Amino acid sequence: MTEAFYTDKARVRASFEKAAASYDSAAVLQREVSDRMSERLDYIKFQPQVVLDAGAGTGYGSAQLRARYPDARVVELDLAQAMLQASRAKQQSGDGLLKKLFRPSLPWQVVADVERLPLADASVDMIWSSLTIQWVNVPDSVFAEFRRVLKPEGMLMFSTLGPDTLHELRGAFAGVDRATHVNQFIDMHDLGDALMRAGFAEPVMDMEKIVLTYGRAREVMADLKAIGAHNATSGRGRGLMGKHAWQRVEAAYEDLRRDGKLPATYEVVYGHAWKGSDKKLAKFSDDGRQVIEFVKKRPE
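The written sequence of each chain sets the order in which its residues are numbered from 1. Whole-chain, interface and lining totals are the exception, using all residues; otherwise, since this is a predicted model, local features are given only for residues with pLDDT of at least 70 and side-chain atom pairs are given and counted only at 80 or more. Remark: hydrogens and water are excluded; side-chain values derive from all non-hydrogen atoms of the structure.

The line we're drawing: UniProt positions are given in the numbering used here, feature names are shortened, and annotations may be inferred rather than shown by experiment.
Looking at an unreviewed UniProt entry, the protein chain carries the name Malonyl-[acyl-carrier protein] O-methyltransferase, with the source organism given as Chromobacterium fluminis. Regarding the protein chain, the relevant UniProt record gives this comment under Catalytic activity (unreviewed entry): "malonyl-[ACP] + S-adenosyl-L-methionine = malonyl-[ACP] methyl ester + S-adenosyl-L-homocysteine". In the Sequence similarities (unreviewed entry) part of its UniProt record, the protein chain is described as follows: "Belongs to the methyltransferase superfamily."

## A short note on the pairing of strand 5 (residues 150-161)
Our working definition: The cut-offs for exposure are 20% and 50% of the maximum accessible area for each residue type, with area from a 1.4 Å probe on protein chains only; residues under the lower value are buried, those over the upper are exposed, and the others partly exposed. Only DSSP runs of H or I with at least four residues qualify as helices, and only runs of E with at least two residues qualify as strands; both kinds are numbered from the N terminus onward. Strand pairing requires that DSSP identify at least two bridges connecting the strands. The path from the first strand over the helix to the second decides the hand: if it runs clockwise while the strands point away from the viewer, the crossover is right-handed.
Counting buried residues in strand 5 gives nine out of twelve residues, a clear majority hidden from the surface. Sheet analysis places strand 4 (residues 124-130) next to strand 5, joined by six bridges and oriented parallel. Counterpart to Ser-129 in the pairing with strand 5 is Phe-158. You can see the chain leave strand 4, run along helix 7 (residues 139-149) and come back into strand 5, and the turn it takes is right-handed. When strand 5 meets strand 7 (residues 262-274), the two strands line up antiparallel, connected through seven bridges. What sits directly across from Phe-158, in strand 7, is Gly-271.

## What about the nonpolar core?
The tendency in soluble globular proteins is for nonpolar side chains to be buried side by side. So the rule is basically this: Definition used in this section: a nonpolar core is a set of buried Ala, Val, Leu, Ile, Met, Phe, Trp, Tyr and Cys residues joined via side-chain atoms within 4.5 Å. Contacts are assigned to residue pairs with any non-hydrogen atoms lying within 4.5 Å of each other.
In this structure, Leu-41, Leu-65, Met-126, Met-155, Leu-169, Tyr-253 and Tyr-266 are the most contacted members of the largest nonpolar core, which totals 54 residues. When residues in this core are grouped by element, the largest group, six residues, is from strand 7. If near-sequence neighbours (up to four positions away) are discounted, Tyr-266 is found in contact with Leu-29, Leu-161, Thr-165, Leu-166, Glu-208, Lys-209, Ile-210, Leu-212 and Leu-224. Ranked by size, the runner-up nonpolar core spans 28 residues in total, among them Ala-112, Val-142, Leu-156 and Phe-200.

## Thoughts on the pattern of salt bridges
For side chains of opposite charge, pairing can occur when their charged atoms come near one another. Short version of the rule: One speaks of a salt bridge when a side-chain nitrogen belonging to Lys or Arg is within 4 Å of a carboxyl oxygen belonging to Asp or Glu.
Inspection of every chain in the model, using the stated rule, returns 16 salt bridges. Note that Arg-40 and Asp-206 form a salt bridge whose closest N and O atoms lie 2.9 Å from each other. With Arg-40 in helix 3 (residues 28-40) and Asp-206 in strand 6 (residues 201-214), this pair connects stretches of sequence that are 166 residues apart. Residue Asp-206 is classed as partly exposed on the basis of its relative accessible area of 27%.

## Some points on the side chain of Asp-53
The condition is simple: Charge assignment: positive for Lys and Arg, negative for Asp and Glu; neither His nor the chain ends contribute.
Mapped onto the fold, Asp-53 is located in strand 1 (residues 50-54). Arg-66 provides the closest opposite charge to the buried, unpaired Asp-53, separated from it by 7.4 Å. In this structure Asp-53 touches Gly-61, Ser-62, Leu-65, Val-75, Glu-76, Leu-77 and Trp-128, once residues within four positions along its chain are discounted.

## Description of helix 9 (residues 188-197)
Our working rule: Picture the helix axis, draw a direction to every C-beta atom, and the arc is the one those directions span. Here a polar contact is taken to be a pair of N or O atoms separated by no more than 3.5 Å, where protein atoms must pair a possible hydrogen donor with a possible acceptor and residues adjacent in sequence count only if both atoms sit in side chains.
When we look at burial in helix 9, the residues that qualify are Met-188, Leu-191, Gly-192, Ala-194 and Leu-195. Buried residues of helix 9, viewed axially, fall in a sector of 160°; they line one side. On its buried side, helix 9 packs onto helix 7, strand 5, strand 6 and strand 7. The N-cap of helix 9, judged by a side-chain oxygen 2.8 Å from the amide nitrogen of His-189 a few residues on, is Asp-187. Backbone geometry just downstream of helix 9 places Gly-199 in the positive-phi region, at approximately 95°.

## A closer look at the sheet that holds strand 3 (residues 108-111)
For clarity, the cut-off: Axis angles are defined between N-to-C directions and span 0 to 180 degrees, where every axis is a line fitted to C-alpha atoms and, for a helix, only to the segment in contact.
Spatially, the seven strands line up as an open sheet ordered 3-2-1-4-5-7-6, and their pairing is mixed. Edge positions in the sheet fall to strand 3 and strand 6, since each of these pairs with one other strand and no more. Within this sheet the neighbouring strands show an average axis-to-axis angle of 15°, counted without direction. In this sheet, strand 3 lies alongside strand 2 (residues 73-78) in parallel orientation, the contact comprising four bridges. Bridged to Leu-77 within strand 3 is Val-110. Contacts between helix 9 and the sheet are confined to strand 5, strand 6 and strand 7, with strand 6 contributing the most and set at about 150° to the helix.

Structure (structure tokens):
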């Protein structure tokens, strides 16, 4: 894993802990992607008993899952405890959609890293993960964990961000210094390959681009800060940018202004797959090639 891709998990956790109070006010993209994921479930006939929301945040997706599967147990899991506390507070106060779903009992919540799930093998029917996988370091490890905790024939549905995400902001920072200022994201095809290596069956991947618009470049950065989506790569700059450097960034971004607005593009990758049978699990060599094993029979 190159430095540009390596994510500092401690920094990710700290950013989301700090952003829990402001998250909902700026999470426009996150809600839109969750809505679009939910619509995809309309075409899948599946009635899970236990659903894991891996990367639940403040509970928007969990609320949708409870509405769709009222008899299921929805387990909210997130790296940041403050995010889960915000979700719990909304359920207890009866805020918005959650008001319709309010139950006297407290929600099932787990503070954990999706790359190291504290769940038993084959304990979950369905895993839902909306815009979380982009924070992991090795997709193979998270997919292996997802497959481990899924029950036989269980389903994984996820969304994440592709490499064209925030290309405008990345381009504006180019040439200012050698540090990374925008997170790097994994290509859809590489994610599909990782699903196959993990042993998932019938993976389906697709992608779309969603463009948000802003009045100023600073507003883009403010929204990213409000949702806790700071640059968390190990090659990031450690100090604050100087006034002149930031002016160069803003000037470069201004070249992209169209119809009075500045674009911020998000490449959203969607995927779903089934656990399938262990008998179908393929083995791969270190360089990614599939290994076919032949067993020599003993002579009679």
